[in-house]
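Descriptive analysis of the structure
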Amino acid sequence: MRITTKNSKGRLITYWVFTSYLAFESILSATWDFNWINKGYAISMMQHLGFPSYFLVIKGMGTLLAAPVFILPKLPLLKEWAYFGTFIIYIGAIASHIVVGDGLNKIIFPVIMLLITITSWALRPDSRKLSRV
């Protein structure tokens, strides 16, 4: 199948829409993790899921560091780490909510964010991929 310029532009636009949202959500997530907004919600959620509250600091640092990596040019190895870390966070959130018996309403958002992460990763241009040697 031949990729046309029109398809390439559409793919690039779609990539940037998903990637921009992923970076934005990573920053927003960190503000919740650090308890800067919605005081106490993230801590109570961690307790509900059985995680220690200090896990939020680890998660917050990871998501805050991943956000600019998604947007900045080059850095292919860091991008792979950022995507993988984000993937693990959302898979972990889905699994944790299932294990504690939460309903679908608690699982929908992490599933959507997981799909956004996978879509951004899959559509990234060659210049943002780790080259194979």
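Above this text you will find the structure in question.
What this report covers is the structure whose coordinates are included nearby.

Rules used in this analysis
- Residues numbered from 1 in each chain as written.
- Predicted model: local features only at pLDDT ≥ 70, side-chain atom pairs only at ≥ 80, totals over all residues.
- Heavy atoms only, no water.
- Helix = DSSP H or I, 4+ residues; strand = E, 2+ residues; numbered from the N terminus.
- Buried < 20%, exposed > 50% of the residue type's maximum accessible area, 1.4 Å probe, protein only.
- Contact = heavy atoms within 4.5 Å.
- Areas by Shrake-Rupley, 256 points an atom, 1.4 Å probe, with all protein chains shown as cover.
- Lys, Arg positive; Asp, Glu negative; His and termini not counted.
- Charge placed at Lys NZ, Arg CZ, Asp CG, Glu CD.
- Core = buried A, V, L, I, M, F, W, Y, C linked by side-chain atoms within 4.5 Å.
- Salt bridge = Lys/Arg side-chain N within 4 Å of Asp/Glu carboxyl O.
- Patch = residues over 30% accessible without salt bridge, like charges linked within 9 Å, V, L, I, M, F, W, Y side chains within 5 Å.
- 1 Å grid on protein atoms, 1.4 Å probe; cavity = no way out; pocket = protein on both sides within 12 Å on 5 of 7 lines; lining within 4 Å.
- Points joined across faces, edges and corners; volume = space filled by probe spheres on them.
- Nonpolar A, V, L, I, M, F, W, Y, C, P; charged D, E, K, R; others polar.

The helix and strand inventory of the protein stands at five helices and zero strands. For the protein, the α and β elements follow one another from N to C terminus as α-α-α-α-α. When the backbone C-alpha atoms are referred to their principal axes, the protein occupies close to 50 × 30 × 30 Å. A total of 133 residues make up the protein; the buried ones form 31% of that total. Summarising the internal contacts of the protein: among those between residues at least 6 apart in sequence, 71% fall at separations of at least 24. If you sum the accessible surface of the protein, you get close to 8,500 Å²; carbon and sulfur atoms cover 72% of it. Across the protein, 13 positive and 5 negative side-chain charges occur, with their mean positions spaced 12 Å apart.

What follows concerns the nonpolar core. In terms of nonpolar packing, the biggest core is built from 15 residues, with L22, F70, A82, Y83 and M113 touching the most fellow members. Here this core takes five residues from helix α5 (residues 104–123), the largest share from any one element. If near-sequence neighbours (up to four positions away) are discounted, A82 is found in contact with A66, V69 and F70. Counting residues in each nonpolar core, the second largest holds five residues, with A42, M45, M46 and L56 among its members.

So, on to the side chain of T19. Secondary-structure assignment places T19 in helix α1 (residues 5–33). Judged by relative accessible area, T19 falls into the buried class, the value being 0%. Leave out the neighbours within four places in its chain, and T19 touches F70, I71, Y83 and S120.

Pairs can form between side chains of opposite charge whenever their charged atoms are close. Within this structure, the stated rule accounts for three salt bridges. Two residues, K129 and D126, come together in a salt bridge whose shortest N-O distance is 3.5 Å. You can call D126 exposed: its relative accessible area is 63%.

Another point: a nonpolar patch on the surface. Among the surface-exposed residues, F84, F87, I88, I91, V111, L115 and I118 lie close enough to one another that they form a single nonpolar patch of about 580 Å² accessible area. For the nonpolar patch, the secondary structure elements donating two or more residues are α4 (76–99) and α5. No other element matches α4, which puts four residues into the nonpolar patch. Residue placement: V111 occurs in helix α5.

Phi is positive for K74, close to 60°, though the residue is something other than glycine. Non-glycine residue L75 carries a positive phi angle of around 50°. Here L75 shows up in the loop between α3 (55–71) and α4. Given a relative accessible area of 32%, L75 falls into the partly exposed group.

This next bit is on the layout of surface pockets. Counted as a void, the largest pocket has a volume near 760 Å³. As for the largest pocket, its lining consists of 29 residues, and the residues nearest its centre are S29, K59, A93, H97 and F109. Looking at the lining of the largest pocket, the elements with two or more residues in it are α1, α2 (41–49), α3, α4 and α5. Its residues placed into classes, the lining of the largest pocket shows 16 nonpolar, nine polar and four charged. Around the second largest pocket, the lining residues are K59, G62, T63, L65, A66, V69, L78, W81, A82, G85, T86 and I89. Across the lining of the second largest pocket, the residue classes break down as seven nonpolar, four polar and one charged.

Keep in mind these values describe shape, not function.
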